[in-house]
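Report on the structure
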Amino acid sequence: MNLFFETPKLTLKRLVSLAMLIALAFIVGKFSIPVIPQQLVISLTFIVNTIIGMIGGPIWGFISLGILDVVDTLSSSSAGNFIIWWTLMEAIQGFFYGLFFYSKPLSWSSKKDWLHVTIATVVIMLISTFILTPLLIQIYFGVPFWAQYLAGRWLKVFEIPLRIIITMLVIPRLQKIPELRKLANL
């Protein structure tokens, strides 16, 4: 079966790296920066998710972020409220992180790379933050789609440039690490 995207072989080194990154994402996910309380909260978990996608590709990124969501949910006080669709949404994000960042070297000075990261960020946030999350909130909690945007979901638009800049600040520097280059197929 020939897929339109490349899937890396799951070696022991890649498996251990993904497991450590899942643990790191779990820890980083516990910390967030409230810019506008209850409306615009920024978490740096997207950087770890990007590295997971960079190392694991679309398939292992999908599986890794799905596992991360299950572990995060089951370790929280709301473990009884587990909903598989939230896990699937996180896994879809992992797929897109892998699709956009596996085997893709990035350079701060390349306009093409800035465009690539911009498209990746917009696609990932459009699917998860602006479509699937409000849809799931409407289905499970009865809050209408329009009411969520009226209440402030639209403010997440301001998170897009922050994510792009932080990604371009961090990822090209990390890609200079020889072992990470091997795992990311750069």
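From a predicted model like this one, the values you see are computed outputs, not experimental measurements.

**A few points about the overall build of the protein chain**
When you go through the protein chain residue by residue, the secondary structure sums to seven helices and two strands. Beginning at the N terminus, the succession of helices and strands in the protein chain can be written as α-β-β-α-α-α-α-α-α. A compact globule built from 186 residues should have a C-alpha radius of gyration of about 16 Å, and the protein chain, at 17 Å, falls within 12% of that. With the C-alpha coordinates of the protein chain rotated into their principal frame, the extents come out at 45 × 35 × 35 Å. Burial analysis of the protein chain (186 residues in total) assigns 42% to the buried set. Put simply, of all contacts in the protein chain between residues at least 6 apart along the chain, 71% involve residues at least 24 apart. Accessible surface, the protein chain as shown: approximately 10,200 Å² in total, 72% of it carbon and sulfur.

**Quick notes on the layout of surface pockets**
Reported here for the largest pocket is a volume of approximately 1,400 Å³. What lines the largest pocket is a set of 43 residues, among which Ser43, Met89, Glu90, Thr133 and Lys156 lie closest to the centre. Within the residue set of the lining of the largest pocket, elements represented by two or more residues are α1 (12-28), β2 (40-42), α2 (45-74), α3 (84-101), α4 (111-141), α5 (145-151) and α6 (159-174). Among the residues forming the lining of the largest pocket, the class breakdown is 17 nonpolar, 18 polar and eight charged.

**Describing the UniProt feature "transmembrane region" (unreviewed entry) in the protein chain**
Using the residue numbers shown here, the UniProt feature "transmembrane region" (unreviewed entry) corresponds to residues 15-33, 40-63, 83-102 and 114-141. Secondary structure across residues 15-33 comprises 74% helix and 5% strand; the distance between its end C-alpha atoms is 30 Å. Counted over residues 114-141, helix gives 100% and strand 0%. Its end C-alpha atoms are 37 Å apart.

**Topic: the packing of α2 against α3**
Where α2 meets α3, the axes come as close as 6 Å, and the angle between the chain directions of the two elements is 165°. Our classification of the angle between α2 and α3 gives roughly antiparallel. In the crossing of α2 with α3, the sense of the turn from one axis to the other is left-handed. Along the lines of polarity and charge, the residues of the contact of α2 with α3 split into 14 nonpolar, ten polar and two charged.

**Side note on empty space enclosed by the protein**
On inspection of all chains with the given rule, the structure shows one cavity of 30 Å³ or more. Approximately 60 Å³ is the volume attributed to the largest cavity. Surrounding the largest cavity, Phe46, Thr50, Tyr97, Phe101, Ala120, Thr121, Ile124, Met125, Arg163 and Thr167 form its lining. Secondary structure elements with two or more residues in the lining of the largest cavity: α2, α3, α4 and α6. Ranked by the residues each element gives to the lining of the largest cavity, the list is headed by α4, at four residues. Of the residues assigned to the lining of the largest cavity, the class counts are six nonpolar, three polar and one charged.

**Things to note about the environment of Leu18**
Considering the arrangement of structural elements, one finds Leu18 in helix α1. Linking Leu18 and Met125, residues 107 residues apart in sequence, is a C-alpha distance of 22 Å. Beyond its immediate stretch of four places on either side in the chain, Leu18 contacts Leu10, Ile52, Ile55, Gly56, Trp60 and Ser64.

**Some words on the side chain of Thr50**
Tracing the sequence through the fold places Thr50 in helix α2. With relative accessibility at 1%, the residue Thr50 sits in the buried group. Discounting residues that sit within four places of it in the chain, Thr50 has contacts with Tyr97, Phe101 and Ile171.

**Quick look at unusual backbone geometry**
At Ser103, a residue that is not glycine, the phi angle is positive and equals roughly 60°. Its place among the elements puts Ser103 in the loop between α3 and α4. The class of Ser103 is partly exposed, set by a relative accessible area of 27%. For Asn185, which is not glycine, the phi torsion reads 60° and is therefore positive.

The rules behind each value
Residues numbered from 1 in each chain as written. Predicted model: local features only at pLDDT ≥ 70, side-chain atom pairs only at ≥ 80, totals over all residues. Heavy atoms only, no water. Helix = DSSP H or I, 4+ residues; strand = E, 2+ residues; numbered from the N terminus. Rg over C-alpha atoms; globule rule 2.2 N^0.38 Å. Buried < 20%, exposed > 50% of the residue type's maximum accessible area, 1.4 Å probe, protein only. Contact = heavy atoms within 4.5 Å. Areas by Shrake-Rupley, 256 points an atom, 1.4 Å probe, with all protein chains shown as cover. 1 Å grid on protein atoms, 1.4 Å probe; cavity = no way out; pocket = protein on both sides within 12 Å on 5 of 7 lines; lining within 4 Å. Points joined across faces, edges and corners; volume = space filled by probe spheres on them. Nonpolar A, V, L, I, M, F, W, Y, C, P; charged D, E, K, R; others polar. UniProt positions renumbered as here; feature names shortened; annotations may be inferred. Axes fitted to C-alpha atoms, helices over the stretch in contact; angles between N-to-C directions. Parallel < 35°, antiparallel > 145°, perpendicular 65-115°, else oblique. Left-handed = near helix turned anticlockwise from the far one by under 90°.

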